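This is what each chain is made of:
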Amino acid sequence: MSNNKQKYEINRYGWEKKYLNCLWNDGLVADIRTPKGTYFIYAVGDVRCSLITKKNLILADEKIKKGTEIAYVKGDGTSFYHEMKSYINGDNDLSKIISGEHPLYELKFQNNNWLSLDFCDLNDQYSGLDIILDSNKLDGAVEEVLEMIPELESKSTKEIEV
């Protein structure tokens, strides 16, 4: 864990504790303000996926056969959060589904999203960093950026972009 938290102002946008995987989120998810400027963390990419039943189910008094698509995110502004939260109860369920360990559902992805970093200096000049972060969870991404800041701020913007 980074000791940099005390030095910087961290803003989180729309975080819900059990929905921290980047799939649930879109757009600006956090910023970290430093004396040299602001680091912005974005969830980017159009999630397109289908939620498929792994066995016969009864949902809302309707019989659903194994292999039926019960929810779809089409990636044109459709929110994974809004389409899937009634079936998937947060990150723990999502992890089980993605790993194939969930007893009821599987996800078939056509496209996903990721977390990306950009920087804006005190003169409102964006650096164009566009660093893809390793973490797929919002809290992990903030920690990752906090660890990166000392190295990033020791370089000029031109050195960072190369």
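Predicted, not measured: the structure shown is a model, and the values here were computed from it.

**Describing the overall build of the protein chain**
- Looking only at helices and strands, the protein chain has 4 helices and 10 strands in total.
- Referenced to the eigenvectors of the C-alpha coordinate spread, the extents of the protein chain come out at roughly 60 × 30 × 20 Å.
- Across the 162 residues in the protein chain, those meeting the buried criterion constitute 43%.
- Once local pairs closer than 6 in sequence are excluded, the contacts in the protein chain between residues at least 24 apart make up 58%.
- Total accessible area on the protein chain is roughly 9,500 Å²; 46% of this is exposed by carbon and sulfur atoms.

**Things to note about the pairing of strand β3 (residues 37-44)**
- A large share of β3 lies buried, amounting to 6 of its 8 residues.
- From the end of strand β2 (residues 27-34) to the start of β3, which pair antiparallel, there are 2 residues.
- Two strands pair when backbone bridges link them, and β3 and strand β9 (residues 114-121) are joined in this way by 8 bridges, in the antiparallel orientation. Within β9, the position partnered with G37 by the bridge is D121.

**Digging into the sheet that holds β3**
- In space, the 5 strands of this open sheet follow the order β1-β2-β3-β9-β10, with antiparallel pairing throughout. Whereas interior strands pair on both sides, the edge strands pair on one side only; in this sheet they are β1 (9-12) and β10 (131-132).
- With 7 bridges joining them, β2 and β3 adopt antiparallel strand pairing. Counted as the bridge partner of L28 is Y42 from β3.
- Relative to β2, helix α3 (residues 138-153) is tilted by about 40°, and along the sheet it contacts β1, β2, β3, β9 and β10.

**Focus on the packing of aromatic side chains**
- Under the counting rule described, the total for this entry stands at 8 aromatic pairs.
- Over the aromatic face of W15 sits the side chain of R12, whose NZ or CZ is 5.2 Å from the ring centroid.

**Overview of the sheet that holds strand β8 (residues 105-111)**
- Pairing in this open sheet of 3 strands is antiparallel, and the strands run β7-β4-β8 from one edge to the other. At either margin of the open sheet sits one strand with a lone partner, and together these are β7 (69-74) and β8. Between one strand axis and the next, the sheet turns through 15° on average, direction left out of account.
- Bridge count between strand β4 (residues 48-53) and β7: 5 bridges; the pairing is antiparallel.

**Focus: helix α2 (residues 91-99)**
- What α2 keeps buried is the set D91, D93, L94 and I97. Taken around the axis of α2, the buried residues stretch over an arc of 155°, which confines them to a single face.
- The inward-facing, buried residues of α2 abut β4, α1 (80-84) and β8.

**So, α3**
- Here α3 contains 16 residues, and its C-alpha end-to-end distance of 22 Å stays within 8% of the 22 Å for a straight helix at 1.5 Å per residue.
- The largest bend along α3 reaches roughly 35° and is located at E147, with the proline P150 sitting one to four residues downstream.
- Within α3, burial applies to L138, A141, V142, E143, E144, V145, L146, M148, I149, L152 and E153.

What counts and what doesn't
Residues numbered from 1 in each chain as written. Predicted model: local features only at pLDDT ≥ 70, side-chain atom pairs only at ≥ 80, totals over all residues. Heavy atoms only, no water. Helix = DSSP H or I, 4+ residues; strand = E, 2+ residues; numbered from the N terminus. Buried < 20%, exposed > 50% of the residue type's maximum accessible area, 1.4 Å probe, protein only. Contact = heavy atoms within 4.5 Å. Areas by Shrake-Rupley, 256 points an atom, 1.4 Å probe, with all protein chains shown as cover. Pairing = 2+ DSSP bridges. Axes fitted to C-alpha atoms, helices over the stretch in contact; angles between N-to-C directions. Phe/Tyr/Trp six-rings, centres within 6.5 Å; stacked < 30°, edge-to-face > 60°. Lys NZ or Arg CZ within 6 Å of the ring centre and 35° of its normal. Arc of directions from axis to C-beta. Expected span 1.5 Å × (residues − 1). Bend = angle between axes of the 7 residues up to and from the residue.

Any functional reading would require information beyond the geometric quantities listed.
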